[in-house]
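Letter by letter, the chains look like this.
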Amino acid sequence: MNDDQAHELDARRRMLLLAASFALVSCGGGGSPAPPSPSPSPPQPIPAPPPAKSAKRGVAYNFATLADLQAVSAGVSWWYDWGAHPDNALPANAAAQAAMDFVPMLWNASYDAPSVTAYIEANAIKYLLVLNEPNLVAQANLTPTQAAAAWPGYEAVAAATGAKIVGPAITWGTMPGFSDPVVWMDAFIAAYQAANGGRSPQIDYLAFHWYDYGLADQLDRLAKYGKPFWVTEMANWHTGDGTAAIDTVAKQQAQMTDMVKTCEARADVFRYAWFTGRWNSDVHFTSLLGASPGTLTALGSLYLTLPFTAA
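Residues numbered from 1 in each chain as written. Predicted model: local features only at pLDDT ≥ 70, side-chain atom pairs only at ≥ 80, totals over all residues. Heavy atoms only, no water.

**Student:** Please give an account of the confidence of the model for the chain that cites residues and values.
**Tutor:** Predicted confidence across the chain gives a mean pLDDT of 90, with 87% of residues reaching 70 or more. Note on residues 2–7: pLDDT under 50 across the span, and one contact to partners over four residues away in sequence or across chains. Between residues 15–31, whose pLDDT stays under 50, and residues either more than four places distant or in other chains, the model counts five contacts. (pLDDT = per-residue confidence, 0-100. Contact = heavy atoms within 4.5 Å.)

**Student:** Could you give an account of the environment of V283, with specific residues and numbers?
**Tutor:** Following the sequence through the fold, V283 ends up in the loop between strand 9 (269–274) and helix 9 (298–305). Overall, V283 belongs to the exposed group, its relative accessible area being 53%. Between the alpha carbons of V283 and I246 there is a distance of 9.4 Å; along the sequence they are 37 residues apart. (Helix = DSSP H or I, 4+ residues; strand = E, 2+ residues; numbered from the N terminus. Buried < 20%, exposed > 50% of the residue type's maximum accessible area, 1.4 Å probe, protein only.)

**Student:** So what's going on with unusual backbone geometry? Which residues, and what values?
**Tutor:** Cis peptide bonds are those with omega within 30 degrees of zero, and the linkage from G167 to P168 qualifies with 0°. On the secondary structure map, P168 appears in strand 6 (residues 164–170). Its identity as a non-glycine residue notwithstanding, E133 has a phi of 50°, on the positive side. Its location among the elements puts E133 in the loop between strand 5 (127–130) and helix 5 (144–161). By relative accessible area, which is 8% here, E133 ends up buried.

**Student:** Which residues make up the sheet that holds strand 8 (residues 229–234), and what values go with them?
**Tutor:** What the nine strands build is an open sheet, ordered 3-2-1-9-8-7-6-5-4; its pairing is parallel. On the outer flanks of this sheet lie strand 3 (101–102) and strand 4 (105–106), each paired with one strand and no other. For strand 5 and strand 6, the ladder comprises three bridges, and the chain directions are parallel. Bridge pairing links Y127 to K164 in strand 6. Sitting on the sheet, helix 5 touches strand 4, strand 5 and strand 6, and the angle it makes with strand 6 is about 150°. Docked against the sheet, helix 6 (residues 181–195) engages strand 6 and strand 7 (205–210), running at close to 130° with respect to strand 6. (Pairing = 2+ DSSP bridges. Axes fitted to C-alpha atoms, helices over the stretch in contact; angles between N-to-C directions.)

**Student:** A description of helix 5 should follow, citing residues and the corresponding values.
**Tutor:** Over its 18 residues, helix 5 runs 26 Å from end to end, which matches the ideal 26 Å to within 8%, given 1.5 Å per residue. Among the residues of helix 5, those classed as buried are P144, A147, A148, A150, W151, Y154, E155, V157, A158 and T161. Looking at the buried side of helix 5, the elements it contacts are strand 4, helix 4 (113–122), strand 5, strand 6 and helix 6. G162 lies just past helix 5 and shows a positive phi near 85°. (Expected span 1.5 Å × (residues − 1).)

Structure representation (structure tokens):
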């Protein structure tokens, strides 16, 4: 055997030894076991996109054109018009077209219960506003005792439909002896309990209206009732106090920003609504809509874009 043949034989032996070692390890017969294959990661859920607008933000206004409704729809989730149905001039599917909820209201003790019940059921309405400013003599104008007598009717509609009762919509009023909303509410609850064996009235949400500085303080004062709030009318109409008077659009914009911030930040505020859409004699600079249908004022543009807290 020459040197070349010896080298070739030696190389073949090394190859055989390597092959045998590989076969032994593969069969678990020696050496370190192969590491287990990693388990595949479970598929991660795709996060939901952030909401495009506040679920709380609404408008108190009788929308009579689809163009006006759609003008605010980019930043507003709901509206009401103090009536049990949307304006008849709107198409039947206006709420769906604008991607906004309409919330019916039983303004006082006079209403067609079967019609309201049918509308709520047909449109899967979840909430029912009741009793607009009972302690204002120019509005619903019901004493606490009268309101207590009317309340079982609202409860009957709620029981028939599953809708939650939002109300009464209280504010500082003009009724003698009951201008303070807390005084009116205390007397109302007492009158209802006296007439219903001690049972308290069904109030799923308490509604409140405010047109001045200090919204947070007013809500704090009403927290004693233990109910979440709908601030169903708000703006600042402060007058006659020097620089504090709201006499420019810029001042109203500042107040809107503050009030919206308060409502968005508070967990006890479920919804809120700016007053109003369009007002021809707008001495308080509160209109969201411009002179032409489908247009916004500077205040309206601000309302649609103010920051909000995602639910």
